[in-house]
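The chain contents come next:
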Amino acid sequence: MKQKSKRISRFGITAMTIAMIVAVVATSVFAAYLKNSVEVNNTFIPADSVTPEIIEKFEEFDNTVKKDLYFKVGLTEYPVYVRVAIVYTWQNESGIVYFSKPTEATPIFDNENEIIGYNGDYTISLNTGATDDWVLRDDGFYYFKSPVESNGKTSVLINECRQVNAAPIEGYTLSVEVIVQTVQAVGSTDTPDNSPGIDAWKNAWGIS
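Because the structure is a prediction, the values reported are computed rather than measured. (Residues numbered from 1 in each chain as written. Predicted model: local features only at pLDDT ≥ 70, side-chain atom pairs only at ≥ 80, totals over all residues. Heavy atoms only, no water.)

Caption draft 1: Structural context of the pattern of salt bridges. Counted under the stated rule, the structure contains six salt bridges. Here Asp68 and Lys57 are joined by a salt bridge, their closest N and O atoms 3.9 Å apart. One end of the pair, Asp68, is in strand 4 (residues 62-72); the other, Lys57, is in strand 3 (residues 53-59), and eleven residues separate them in sequence. The partner of Lys202 in a salt bridge is Asp199, with the nearest N and O atoms 3.9 Å apart. Among the charged side chains, a network of salt bridges with common partners joins Glu59, Glu160 and Arg162. (Salt bridge = Lys/Arg side-chain N within 4 Å of Asp/Glu carboxyl O. Helix = DSSP H or I, 4+ residues; strand = E, 2+ residues; numbered from the N terminus.)

Caption draft 2: Summary view of the packing of aromatic side chains. For the structure on display, the rule yields nine aromatic pairs. Note on Tyr98 and Phe99: the rings are 4.6 Å apart at their centroids and 50° apart in plane angle, and the pair reads as tilted. According to the relative accessible area criterion, Phe99 is exposed, its value standing at 73%. A ring pair is formed by Trp134 and Phe144, whose centres lie 5.1 Å apart and whose planes are at 55°; its orientation type is tilted. Separated by ten residues along the polypeptide, Trp134 in strand 9 (residues 134-136) and Phe144 in strand 10 (residues 142-144) bring together distant segments of the chain. In this structure, Trp134 and Phe144 share a single accessibility class: buried. Through a chain of ring-to-ring contacts, three or more aromatic side chains come together here, namely Tyr81, Phe141, Tyr143, Trp201 and Trp205. (Phe/Tyr/Trp six-rings, centres within 6.5 Å; stacked < 30°, edge-to-face > 60°. Buried < 20%, exposed > 50% of the residue type's maximum accessible area, 1.4 Å probe, protein only.)

Caption draft 3: Local environment of the confidence of the model for the chain. In this model, the chain carries a mean pLDDT of 78, and residues with pLDDT of at least 70 account for 72%. Across residues 8-48, where pLDDT falls below 50, the model places 82 contacts with residues more than four positions away in sequence or in other chains. (pLDDT = per-residue confidence, 0-100. Contact = heavy atoms within 4.5 Å.)

Caption draft 4: How the structure looks around the side chain of Thr154. Along the polypeptide, Thr154 turns up in the loop between strand 10 and strand 11 (158-163). Residue class for Thr154 comes out buried when judged on its relative accessible area of 5%.

Caption draft 5: Geometry of the nonpolar core. Counting residues in each nonpolar core, the largest one holds 28 residues, and the members touching the most others are Phe71, Val84, Ile86 and Leu157. Put simply, the parts of the chain that give this core at least two residues each are strand 4, strand 5 (80-91), strand 8 (122-126), strand 10, strand 11 and strand 12 (173-184). Element by element, the count of residues in this core is highest for strand 5, at six residues. The residues contacting Leu157, other than those within four sequence positions of it, are Leu69, Phe71, Val84, Ile86, Ser125, Leu126, Asn127, Thr128, Trp134 and Tyr142. (Core = buried A, V, L, I, M, F, W, Y, C linked by side-chain atoms within 4.5 Å.)

Caption draft 6: Examining the environment of Val97 more closely. Examined against the element boundaries, Val97 turns out to sit in the loop between strand 5 and strand 6 (106-109). For the pair formed by Val97 and Tyr172, sequence separation is 75 residues and the distance between their alpha carbons is 8.5 Å.

Written out as structure tokens, the structure is:
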């Protein structure tokens, strides 16, 4: 089984503490899933590792505005599925994370229906509508709906993410960390009682 992860942070230094927490939680959840699953044999095709490249833009003169973010897969012998987690924190220049979590903002309108401010800390536009290529599941991951072929790419996930209000403490800014994972989209699992197997990527990610 081949499953790879990569994470970045563009609104400040990467939050290693948060990344470690996410990794521990993900490991615990995966371990719990395996404990409650029947024994299976993977039939994944052995291949080189696949770590997607994260492609993004930033607004001119303001590198705290993340735009047009998508993922490009390198050369591989098999297609992969892609899923993404997004972690929001307040960080200072030393990478220290403030305990208060940023909140997604809602606009405040005046009597003429013009936006005059925001309740919250950041705005984000995602391609996760019913007709879009990405879907948010209950596990908190955004899943790209289709397999990505060798040297292929996903569509844009984040149209724009922008900090709209100051941090609760001076010297801190919004940090948006993108954690991307891939798993082979081919292969299945076989159960000891010879019952029909399930897609190996579903087993790896705990998706029924």
